[in-house]
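For reference, the chains in residue letters:
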Amino acid sequence: MSEEFEIKNKVAASGLINFDLTDLVPKGARKGIDLKDFLFMEMILKEKDFREKVAAINTEEYQDSYVYIYNSADAIVPLWAYFLITAKLTGVTKKIVFGNLENLETILMHDAINKHDFSVMEGKRVLVKGCSDKLIPENAYVELVEKIQPIVKSLMFGEACSNVPILKN
């Protein structure tokens, strides 16, 4: 093939760093624990019964998973109830949070962004991928910009063929 008909990848040659936030999503099962299942008639916390149900939790079911504790019942639950469940699962799970699955994902991405080494982006042009097959919390994009804005030469969002310029340093 002659030089004049050689196919060149202009995006690769541009020095542009393509960054996909899905690469930071922690791998592992997500499991929820609904406190209503620990309540008498799904309404009242009886301490003795609650403690027995917490003691009966099969911790193997939560091994190396990400757990969110929530309460779908219209019941007031004292804070120590969350302490008991957390204490039972600490050391078994990778992470335990209060809230729903969305809260869990937001916290996981927060942790992942804070732990990630972005030094490879220093002084570079960075394109943050816009489309993903995984749900990424919006807050992750906010935190990412906050983290990399001081170090990148320029930041764009979208795809190489269609991006939105965000900033130039």
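Residues numbered from 1 in each chain as written. Predicted model: local features only at pLDDT ≥ 70, side-chain atom pairs only at ≥ 80, totals over all residues. Heavy atoms only, no water.

- As annotated in an unreviewed UniProt entry, the chain carries the name DUF2480 family protein and comes from Chryseobacterium muglaense.

### What about helix H4 (residues 101-115)?
Point 1. A rise of 1.5 Å per residue sets the reference length of H4, with its 15 residues, at 21 Å; its end C-alpha atoms lie 21 Å apart and thus fit the reference within 8%.
Point 2. Buried residues along H4 sit in contact with strand E2 (30-34), strand E3 (66-70), strand E4 (95-98) and helix H5 (138-148).
Point 3. Capping the start of H4, Asn100 holds a side-chain oxygen 3.1 Å from the backbone nitrogen of Glu102, two or three residues further along. (Helix = DSSP H or I, 4+ residues; strand = E, 2+ residues; numbered from the N terminus. Expected span 1.5 Å × (residues − 1). Contact = heavy atoms within 4.5 Å. Polar contact = N/O pair within 3.5 Å; in protein donor to acceptor, adjacent residues only side chain to side chain.)

### Section: the sheet that holds E3
Point 1. One open sheet holds the 3 strands; their spatial order is E2-E3-E4, and the pairing between them is parallel. The sheet is open, and its two edges are formed by E2 and E4, each paired on a single side. Each strand axis lies, on average, 20 degrees off the axis of its neighbour in the sheet, ignoring direction.
Point 2. Summarising the sheet, E2 and E3 pair through 5 bridges and their orientation is parallel. (Pairing = 2+ DSSP bridges. Axes fitted to C-alpha atoms, helices over the stretch in contact; angles between N-to-C directions.)

### Regarding the environment of Ala112
Point 1. Tracing the backbone shows Ala112 in helix H4.
Point 2. The exposure class of Ala112 is buried, given its relative accessible area of 13%.
Point 3. Considering only alpha carbons, one finds Ala112 and Phe157, 45 residues apart in sequence, at a separation of 20 Å. (Buried < 20%, exposed > 50% of the residue type's maximum accessible area, 1.4 Å probe, protein only.)

### Quick look at the environment of Val120
Point 1. Assignment of secondary structure puts Val120 in the loop between H4 and strand E5 (125-129).
Point 2. Taking the C-alpha atoms as reference points, Val120 and Ile151, 31 residues apart in sequence, are found 9.6 Å from one another.

### Looking at H5
Point 1. For H5, the complete set of buried residues consists of Ala140, Glu143, Leu144 and Ile148. Looking straight down H5, one finds that the buried residues subtend no more than 115 degrees of arc, so they occupy a single side. Among the exposed residues of H5, those oriented more than 90 degrees off its buried face are Glu138, Val142 and Glu146. (Arc of directions from axis to C-beta.)

### Topic: the sheet that holds strand E6 (residues 154-159)
Point 1. As summarised here, the arrangement of the 4 strands in space is E1-E5-E6-E7, forming an open sheet in which the pairing is mixed. The open sheet has two free edges, formed respectively by strand E1 (17-19) and strand E7 (162-168), since each of these has just one partner strand. Pairwise comparison of adjacent strand axes, ignoring direction, gives a mean angle of 25 degrees for this sheet.
Point 2. Summarising the sheet, E5 and E6 pair through 5 bridges and their orientation is parallel. Looking at the pairing, Val128 lines up with Phe157 of E6.
Point 3. Contacts between H5 and the sheet are confined to E1, E5 and E6, with E5 contributing the most and set at about 170 degrees to the helix.

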